Every structure is written in structure tokens, then in C-alpha cells.
Amino acid sequence: MNSGNWLQWMLLTIPNLYLFFLCSTKWNAGTSISAGFLGVLILVMYGWKKQKICWNSPLFLLCYVFFMGSVVLASWLTGDKASFQLSIKFLSYSLPFWLLYLILQRSPSLFQSTFWGMLTGSWVLLALTCQDILHPLKDGRVHASFASANNFAMCLEAILPLLWLETLQVRKEYKNSARGKALFVVALLTSLLLTGALVLSKSRGGIAGFLLGAVTVVIASLLQKKKDWPLQKRLIVLVVALGVVAVGVFRGTLAFNQRSYDGERLLLAQSAYHMWEDHKLYGVGFQQWNRVYQAKYILPGAKEPTLSLAHNNVANFFSGTGTLGGLGYLFFTFGSLAVLLCKLDQTRDNIYGKMMVWVWLAFFIHGMVDNSLYARFNTRLYFAMWGISLAAFLPPKKA
């Protein structure tokens with residue numbers, strides 16, 4: 001095997017290895033080691049091989065830098081060392097974006113560089129799901145390897161859209177071969193079972209976000225074929241359809257497995273608002289949030305005094321990092337969506353762009369009732385999906 005073929009093989013294999021460990025969420029050492037391999041391969045491609053880095057969205061970079069910079073700056077201004085260290089750790093969770101974006105733009109096949117890692121990593125999650133089914137926990141929910149079933153659901157919200165859309169890609173690309181048909185059946189079964197695991201997590205925010213994201217992608221794809229319809233008509237149909245589905249999902253989640261802490265989310269939002277009022281510029285610091293909450297801001301009727309953060313992304317960033325971090329979060333959230341929609345308008349059949357719309361909606365909706373962009377595994381996966389989707393908008397390159 002000559003050096004060119006060797007590099008081609010590495011560009012297909014190492015991203016899959018990294019995605020396997022990233023998606024399985026089980027082995028931190030494997031994630032770190034495979035990330036190191038990717039780092040070395042990036043140095044080979046852009047250092048030794050002198051390849052040129054392609055950047056297709058300065059706006060996304062601006063949104064990202066503003067968000068991460070504002071969170072780190074606000075945490076530093078609190079004067080609390082632990083909160084500052086936590087902000088640096090949060091910044092490190094975005095590393096998958098850089099690793100995957102840089103390496104996938106040199107890959108000869110983005111599909112071949114991502115599908116196998118996603119598929120096999122999903123099998124690990126299914127094995128952990130079976131373990132919880134055979135040995136159920138007290139709350140009757142599937143947690144996999146997570147302390148919280150909601151965190152498991154957040155990871156599935158990042159994994160499932162890519163798994164489903166790449167499964168459909170398998171059916172489209174390999175429908176005429178026996179091997180392709182067998183692979184499609186395996187991928188379809190994996191997607192269905194992992195979706196079942198999301199349902200068994202009983203995470204209402206996770207299920208609602210996943211469903212609304214899926215419906216958005218399906219309806220938008222169908223309307224895309226109505227080329228004789230004016231844009232205004234298609235938008236109206238999309239908004240009305242989503243409104244009907246959203247009402248149905250909302251009513252369904254209210255009726256599905258009501259819990260004693262449901263009112264706690266509103267109390268937390270009020271407490272977070274009062275916390276921000278008293279610490280407008282840079283917040284109280286992530287690490288100090290619970291101490292400050294218990295000391296001054298916990299409201300009568302609150303049943304969970306040990307919560308470490310507000311269970312809402314906006315409330316979390318505004319109370320923990322003040323106006324600096326809160327505006328940074330909003331700027332990144334909606335700025336990145338604008339980038340994505342503009343890219344999709346240019347290449348409407350890009351499945352990875354549609355995948356990211358699905359993931360964005362799932363995380364945003366779940367983030368209204370939980371911290372969907374904070375914990376390690378789901379934040380890593382969220383940024384990994386951004387790396388894959390933005391790399392997919394670049395023209396294919398060869399090593």
C-alpha cells in the first residue's frame with residue numbers, strides 16, 4: 001500500500017474510530033486516544049502534506065468565538081477559580097467540532113468516514129439499554145451509562161438524526177446490491193431500536209424535541225418537491241403543520257408520566273431570573289450556582305434544593321455567566337441556525353444539513369426544560385454534528 005492509499009484508509013478509518021467512542025459514551029480513554037490519532041492525522045494533512053484548510057462560514061466562527069469567549073470571560077470575572085476551570089472544560093467539549101470539521105473536509109467519502117462509527121457506537125448504547133431493561137432501576141427509566149435518563153436522551157437526540165438519515169442514504173445508494181440491502185436492514189433495525197431506547201428513557205423533553213425535529217425535516221423535504229408552490233405558501237404550510245404537531249406533542253407530554261417535580265422548572269426559572277437581576281454582567285459562576293441558590297434564591301415550594309443549575313439553557317447561561325454568557329449563547333444558537341439555513345438554501349438535498357436542523361431543534365426544544373448544552377457527552381456530540389454538517393457543505397477533497 002503506497003502512502004496515498006494509506007492516507008485514504010486513515011481518513012476513512014480514524015474518524016469512524018473516534019465517532020465509535022464518542023457515540024458509545026462508555027470509554028473515556030478510547031475517546032481521548034482516538035482524538036489524539038485524529039490530531040496527528042490533521043497535522044499530517046495540513047503540516048506535512050501542506051493541504052489548505054477550507055472555511056465555508058465566517059459567521060459560524062464568529063458566533064462560536066463570541067459564545068465560548070463570553071462564557072470563559074464571564075467565569076473569569078466572577079473571581080471563582082472553580083467556575084473558571086469549569087468554563088475551560090466546557091470550551092473543551094467543543095473540540096469534536098474542530099477535529100471532525102478539519103479531517104472530514106479531506107475525506108474521500110464523508111459517509112464512509114462517519115457511518116460505521118455511528119452504527120457500531122449505537123450498538124453499545126443498545127447493549128446498555130438491554131442491561132437496564134433486564135435489571136430495571138427504581139424510576140423505571142433507561143439510563144444506559146448515565147446518572148440521569150435525561151442525559152441519555154440528549155445524547156440520543158444528537159445521534160439518531162444522523163443515524164436515520166444515513167440509513168436512508170444506504171437504501172438509496174446500495175438498493176441494487178444484496179450486501180447493500182442487508183446493510184440497510186441492519187441500520188434500519190438499529191435506528192428503530194435506538195429510537196425505542198429514547199422512548200424508554202421517558203424523557204419528555206427529549207422525545208418532544210426528537211419528534212418535532214423529525215417532523216420538520218420530513219415536511220420541509222416534502223414541500224421542497226412542490227416547486228410550483230411559491231415560497232410564501234410553503235412557509236405557511238410548514239408553520240401551520242408544525243404548530244399542529246407541536247400542540248399535539250405538548251399535550252401528549254403533559255399527559256405522559258407526570259412527575260412531582262414538574263412545577264420545579266418554573267420555580268427554577270424564577271430563581272435564575274432573580275439571580276441574574278443581582279449579577280447582571282457576569283452571573284454567579286457555574287460552580288457557585290447551587291451555593292448561591294440555596295443561600296438566597298430558592299423559592300418556597302422548591303423540592304430539589306441540591307440542583308446544581310437551572311434546567312433551562314437560557315436561564316442557565318444568564319444566571320451562571322450573566323448577560324455576557326447569556327447573549328453569547330443566544331448569538332451562537334440563532335446565528336448558527338441562520339448559517340445552517342443559508343447553506344441548505346444553496347444545497348437543499350444535503351442530508352447532513354437536514355440532520356443538523358433536526359439536531360438543532362431537538363436540543364433547543366429539550367433545552368427549554370433542561371441543560372441540553374452543558375453536560376460533557378451531549379455537548380461533545382452536539383459539536384461533533386456541527387463539524388460533520390459544515391464539512392458536508394464543502395466540495396469533496398482527496399488526500
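Right above here is the structure, for reference.
As the structure is a prediction and not an experimental result, all values here were calculated from the model.

Draft legend 1. Quick look at the overall build of the protein chain. Helices and strands together make up the secondary structure of the protein chain, namely 15 helices and zero strands. Against the 2.2 N^0.38 benchmark of 21 Å for 399 residues, the protein chain shows a C-alpha radius of gyration of 21 Å, consistent with a compact globule. A burial count over the protein chain gives 54% of its 399 residues as buried. When contacts within the protein chain are restricted to residue pairs at least 6 apart in sequence, those whose partners lie at least 24 apart make up 77%. Put simply, the protein chain shows about 18,500 Å² of open surface, and 67% of that area lies on carbon and sulfur atoms. Each charge class in the protein chain was averaged separately, 35 positive and 15 negative side chains, and the resulting centres sit 10 Å apart.

Draft legend 2. Here's a closer look at helix α15 (residues 376-392). The end-to-end C-alpha distance of α15, which contains 17 residues, comes to 25 Å, matching closely the 24 Å that a straight helix rising 1.5 Å per residue would cover. Within α15, 16 of the 17 residues are buried, leaving the element largely enclosed by the surrounding structure.

Draft legend 3. A look at the packing of helix α11 (residues 264-278) against helix α13 (residues 313-346). Running from N to C, α11 and α13 cross one another at 15°; their axes reach a closest spacing of 8 Å. On the basis of their axis angle, the class for α11 and α13 is roughly parallel. In the crossing of α11 with α13, the sense of the turn from one axis to the other is left-handed. Counted together, Ala272, Met275 and Trp276 of α11 and Ala315, Phe318, Ser319, Gly322 and Thr323 of α13 form the full contact between these two elements.

Draft legend 4. Up close: the packing of helix α2 (residues 28-48) against helix α5 (residues 95-104). Here α2 crosses α5 at 40°, and the two axes come no closer than 10 Å. The angle between the axes of α2 and α5 places the two elements in the oblique class. By crossing handedness, the relation of α2 to α5 is classed as left-handed. Contacts between α2 and α5 involve Ala35, Leu38, Gly39, Leu41, Ile42, Met45 and Tyr46 on the former and, on the latter, Leu99, Leu100, Leu102 and Ile103. For the contact of α2 with α5, a count of residues per class yields 10 nonpolar, one polar and no charged.

Definitions and limits used
Per chain, residue numbering runs from 1 following the sequence as it is written. For this predicted model, a pLDDT threshold of at least 70 governs which residues receive local features, and a threshold of 80 or more governs which side-chain atom pairs are given and counted, while totals over whole chains, interfaces and linings are taken from all residues. Side-chain numbers come from the whole structure's heavy atoms, not from hydrogens or water. In this text, helices come from DSSP runs of H or I with a minimum length of four residues, and strands from runs of E with a minimum of two, each type numbered from the N-terminal end. Here the globule rule is a power law, 2.2 Å times the number of residues to the power 0.38, and the radius of gyration is based on C-alpha atoms. Note on exposure labels: buried denotes an accessible area under 20% of the residue type's maximum, exposed denotes more than 50%, and partly exposed covers the range between, all computed with a 1.4 Å probe on protein chains only. Residue contacts are counted whenever heavy atoms from the two residues lie within 4.5 Å of one another. The Shrake-Rupley method, run with a 1.4 Å probe sphere, supplies the accessible areas, and residue values consider only the shown protein chains as cover. When charges are counted, neither His nor the chain ends are considered; positive counts come from Lys and Arg and negative counts from Asp and Glu. Where a charge sits is defined by one atom per residue type, namely NZ (Lys), CZ (Arg), CG (Asp) or CD (Glu). In a helix, the anticipated span is given by 1.5 Å times the number of residues less one. A fitted line through C-alpha atoms represents every axis, and for helices the fit uses only the stretch in contact; the resulting angles, taken between N-to-C directions, go from 0 to 180 degrees. Working rule for angles: under 35 degrees goes down as roughly parallel, over 145 as roughly antiparallel, 65 to 115 as roughly perpendicular, anything else as oblique. By the definition used in this description, the sense in which the near helix is turned from the far one sets the handedness, with an anticlockwise turn below a right angle giving left-handed and a clockwise turn giving right-handed. Residues are sorted three ways: Asp, Glu, Lys and Arg are charged, Ala, Val, Leu, Ile, Met, Phe, Trp, Tyr, Cys and Pro are nonpolar, and all the rest, Gly among them, are polar.

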